[in-house]
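# Structural features, examined
If you want the building blocks of each chain, they are given just below.
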Amino acid sequence: MDITFCGGAREVGASCYLIKLDGKNILLDCGIRMKGSDNLPDFRLIQEEGGVDVIIVSHAHLDHSGALPVISREYPGARIYMTHASKALLRVLLYDSLKIMERAEADIPIYAEKHVVEMLDRVVCYSPQYSFKAIPGEDIKVTFYNAGHIAGAALVYIQADEGTILFTGDYSVTDQNTVIGCSVPQLRPDVMISESTYGDKLHSNRDIEEERLIAAVKEVIEKKGKILIPAFALGRAQEIILILRRAINKKQLPQFKIYIDGMIRAINRIYKLNPNYLQSNLARKIFRGNDIFYDENIIEVTDNEMREEIVDSDGPLCIISSSGMLKGGPSSYYAEKLLDQEENFIAITGYQDEEAPGRDIVDLLESDEEDREIVLNSKRLSVECQFAKYGLSAHADKGQLIGLIHRVSPRRIFLVHGDQKVIDELALEMSQDIRGRVYVPDNGESYSFDFKNPRKQLSYSKDIKPLNSEGLTEENIEKLWEHIYRKTGTDIGFSVEEIVFIQEGMDSFGSDKVERYLEILNNSKYFTPNRRRLFLYHPVSEEDLAEDDGIMEMNQMFSVVDSIFPPETGLYKRGARIEENIILLDFNFPAVAQKKFKDEIEKLKEETGWEVELNEDCNQIALEELAYKLLPRDINVKKISYYRDKKKCELSLNHKPVDIEKITAEFYEKSGIELLIDTPEGVVGKRESLSLREIDSEQMMEQNQAFAYIDEAFKSLGVEIYKKSRKVADGIPYMEIYFISPEVGSRYQEEVDKLEVDTGWNIKIGNTAIQNEIIKIVKRMALDYDIRLKKNPGLYTDRAQVKVDIDGELTAAETAEFKQNFKERTGYEIIL
């Protein structure tokens, strides 16, 4: 076995490694350098070794794939292997590179569109965990394993007579919002070629970094500023979009506009076309026809005119744009326009090379210079805005790199894809900790090994004879299911390529066939995707199928929902808990819908076989629209307050409308929500009495002094007051203080009574919970108890409950302790 390092050694970029194995030349990755003029690997080394027989690509990022059109032009007979998602993403990246080369008039393009088209025609795609022969007639077997870096990224495992190799490409052990973390079985490589990008660092906690970013965005938005997040178009941008979208949906952030620009837009479309390479919750949304990135708040930028409108607008907003290092792309335009305003903010979320403007901004974080300047778009610009860096890495850190090497225990380890200093330090530490020999190669070096006893991978044969039938259809899938289920049960997952082979006896076929099979499998009741690795399909058990008799297929079920509940019924969102066969219907006014559509709901259950669950809370936007619709046009609405737990809505108006009783009655009839109307002439509707006592203003402590006194009093008790405000009711001023929940507040009523005497103020305990803090406590406690939350907690203020789906097990004693601690801290009951 010979290994030649043509690029990517002691550097980040131009990854390109030539392996001579069983007399064949295999090229692992073929990327470009993202900086400098010498951006190609050393192809002379490949020529001297006799060329290339096959090329295997770990993922689509250009530092691993950008030189493929060049090498494929030179060796057109070499097949190129990658995953389906990688090919789709690579097409976007290479066509974008063509545009950049066309604009760079001073440089000679390294390839043309013709070479991109021809190279893509030579690509053969396979799913992760499907083993295939790389060269017809040769016993060299290749398997992709999920790398968790971006959609489609794979670790490459090669088995041959002369030995086995594991090539990591770029990988991440940690689950991200878009993809699950790296997953590999107990492999047995003789040689491992491992990335080392963050070999000198331990990553910060991902949840904490996301919360830091959300907090920064919130602060900027509240100050009416603009926040720019330069992001790598592939991978990082999609993560950030989902972080902010979720924060808005959870009310951690207010409703505001987020603009998506640059190549991110095209990558988003490719992600949506490859659901089986994404997190299962995203895949299910796509299967239901929902958008995973865009909504009324998150908007694509379409042209230069729109960009100008964004930077000239007054309102607060966020821009997520490529490039991530501010080297070209719309992000550099936005940065130039936003740098000189102190209310604006730039969030750096990814790797910045030495020559990038983004690195200059990162360096300013550690600089003491008062006059802050960077060079951007060939201009020296003053930096007045705020900025910060956030750790959202999609690479393994030092501990995780060492952990994977311990797991597979290779005989020889080569560290690549990292800065020189980082690799040297990591190699030194590994050499003291790992049994295998550690190498730090330079570009241009070659290594030869003659393994007397090459390792053999332990294999578990699925051993299923093919049906040799026609292509898969909805009519014959039951026969395929029975054939596989009788042999393996439900425990073993199959890639789509394996299913094609079992159905038709074919082990060579095009991507069109794979796409047809995927569509049928994703909509079938006979097979279900693995919960974490959606590219594997398990047969459904006989018991589950028997239970499913009369259970309508999901997409068909949604069609029935749409026919029974058109938009005019007030249904604004539909979903499903697939595992439980429960339809989730979100009506504008669920209390009214429950009664009004009782017969329709029963009809839906009968027709589909699914249970139905309605949302508990009304749509606040629809509630406000109803109020405006019912009020006369001459009425000015000063404020609308919705008290969720009491099912009441209060309007503060400039004067009393005519027919006010009719308005309140119609409002209740249509929404099921009691309406209070507060006008200078008085209040209409029942407002809860606050039981305020008459007070002597001369005995009242000064307001800010009273606030400070209250804070200090509860601080001494170890209790936090989250909000304080001064209010007036019936002409009497009072203070309202908010604990994490009213339930916690009620424990301190005696202390509140004493404070009323001390301060001379009426003091009332706020009747709403601090929901974000309660959810943060759930997440922190989950980490403490080493359990993972499957999805965001459900919080029900009307009954002081939190519901959590967990991945992991607690003993009975741990469960009781968890519940008791949570109740003590929040006043809420938690249901695990």
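Before reading on, note that the structure itself is shown above.
Residues numbered from 1 in each chain as written. Predicted model: local features only at pLDDT ≥ 70, side-chain atom pairs only at ≥ 80, totals over all residues. Heavy atoms only, no water.

### Some points on unusual backbone geometry
The cut-off we apply is this: Only DSSP runs of H or I covering at least 4 residues are called helices, and only runs of E covering at least 2 are called strands; the numbering of each starts at the N terminus.
The omega angle of the peptide bond from S322 to S323 is 5 degrees, so this bond is cis rather than trans. Summarising the element assignment, S323 is placed in the loop between β15 (317-321) and α11 (329-338). Non-glycine residue R10 carries a positive phi angle of around 55 degrees. Examined against the element boundaries, R10 turns out to sit in the loop between β1 (2-7) and β2 (16-21).

### What about the pairing of strand β34 (residues 732-738)?
Selection rule: A simple rule labels every residue: compare its accessible area, found with a 1.4 Å probe on the protein chains alone, to the largest value its type can have, and call it buried under 20%, exposed over 50%, or partly exposed in between. Whether two strands pair comes down to DSSP finding at least two bridges between them.
The buried count for β34 comes to seven of seven residues, which makes it a mostly enclosed element. Neither face of β34 is left uncovered, since the one carrying I732, Y734, E736 and Y738 and the one carrying P733, M735 and I737 both have all their residues buried. The turn joining strand β33 (residues 723-729) and β34, which pair antiparallel and follow one another in sequence, is formed by two residues; a positive phi near 55 degrees is taken by D730. Inspection of the sheet shows β34 paired to strand β35 (residues 762-765) by four bridges, in the parallel sense. Bridging across to β35, E736 finds its partner in K764.

### Observations concerning the pattern of salt bridges
Under the convention used in this document: In the sections that follow, a salt bridge refers to a side-chain nitrogen of Lys or Arg positioned within 4 Å of a carboxyl oxygen of Asp or Glu.
The full count for this structure, using the stated rule, is 40 salt bridges. Notably, a salt bridge pairs R33 with E11, separated by 2.8 Å at the nearest N-O pair. Of this pair, R33 sits in the loop between β3 (24-28) and α1 (43-48) while E11 sits in the loop between β1 and β2, and the two are 22 residues apart along the sequence. In this structure, the salt-bridge partner of R44 is D42, at a minimum N-O distance of 3.3 Å. Overall, the relative accessible area of 43% leaves R44 in the partly exposed class. With relative accessibility at 27%, the residue D42 sits in the partly exposed group. Overlapping salt bridges bring together R206, E210, E239 and R246 as one network.

### Some details on empty space enclosed by the protein
Note the threshold: Method remark: on a 1 Å grid restricted to protein atoms, a set of points is classed as a cavity if a 1.4 Å probe fits but cannot get out and as a pocket if it is open with protein on both sides within 12 Å along at least five of seven lines; lining residues have an atom within 4 Å of a point. Grid points are joined across faces, edges and corners, and a volume is the space filled by probe spheres set on the points. Think of it as three bins: nonpolar holds Ala, Val, Leu, Ile, Met, Phe, Trp, Tyr, Cys and Pro, charged holds Asp, Glu, Lys and Arg, and polar takes everything else, Gly as well.
Within this structure, the stated rule accounts for two cavities of 30 Å³ or more. Its boundaries defined by the atoms lining it, the largest cavity holds a volume of some 100 Å³. Taken together, 16 residues line the largest cavity, and the ones lying closest to its centre are N146, I180, Y277, L278 and F535. Classifying every residue of the lining of the largest cavity gives nine nonpolar, five polar and two charged. By volume, the second largest cavity amounts to about 40 Å³. Considering the residues around the second largest cavity, the lining is formed by H84, S127, N276, Y277, V496, L518 and F535. Here the residues of the lining of the second largest cavity are counted per class, giving four nonpolar, three polar and no charged.

### Considerations on the environment of L626
Threshold: Residue contacts follow a heavy-atom distance rule, with two residues in contact if any of their heavy atoms lie within 4.5 Å.
The topology assignment puts L626 in helix α22 (residues 620-630). Look at L626 and you get buried, because its relative accessible area is 8%. Considered as a pair, L626 and E736 are 110 residues apart in the sequence and their alpha carbons are 30 Å apart. Ignoring anything within four residues of it in the chain, the contact list for L626 reads F589, F667, K670 and S671.

### Quick notes on the sheet that holds strand β38 (residues 801-803)
We apply this condition: For helices, the fitted line uses only the C-alpha atoms of the stretch in contact; every axis is such a line through C-alpha atoms, and the angle between N-to-C directions lies from 0 to 180 degrees.
If you walk across this open sheet you meet the three strands as β37-β38-β40, and the pairing is mixed. Only two strands of the sheet have a single neighbouring strand rather than two, namely β37 (794-796) and β40 (829-831). Within this sheet the neighbouring strands show an average axis-to-axis angle of 20 degrees, counted without direction. As paired strands, β37 and β38 are joined by three bridges and run antiparallel to one another. Along β38, the bridge assignment pairs G794 with K803. On top of the sheet, helix α27 (residues 771-784) reaches β37, β38 and β40; it is set at about 135 degrees to β37, its chief contact. Strand contacts of helix α28 (residues 812-826): β38 and β40, with the helix running at about 145 degrees to β40, the strand carrying the most contacts.

### Re a negative patch on the surface
Cut-off, in case you're wondering: In this analysis, a patch consists of residues with relative accessible area above 30% that form no salt bridge, clustered at 9 Å for like charges and at 5 Å for the nonpolar side chains Val, Leu, Ile, Met, Phe, Trp and Tyr. In these tables, accessible area is a Shrake-Rupley quantity obtained with a 1.4 Å probe, and a residue counts as shielded only by the protein chains included in the view. His residues and chain termini do not enter the charge count, which takes Lys and Arg as positive and Asp and Glu as negative. A charge is said to be at NZ when it belongs to Lys, at CZ for Arg, at CG for Asp and at CD for Glu.
Residues D340, E342, E343, E370, D371 and E384 make up a contiguous surface patch of negative charge. You can see D340 is positioned in the loop between α11 and β16 (345-348).

None of this, on its own, says anything about what the molecule does.
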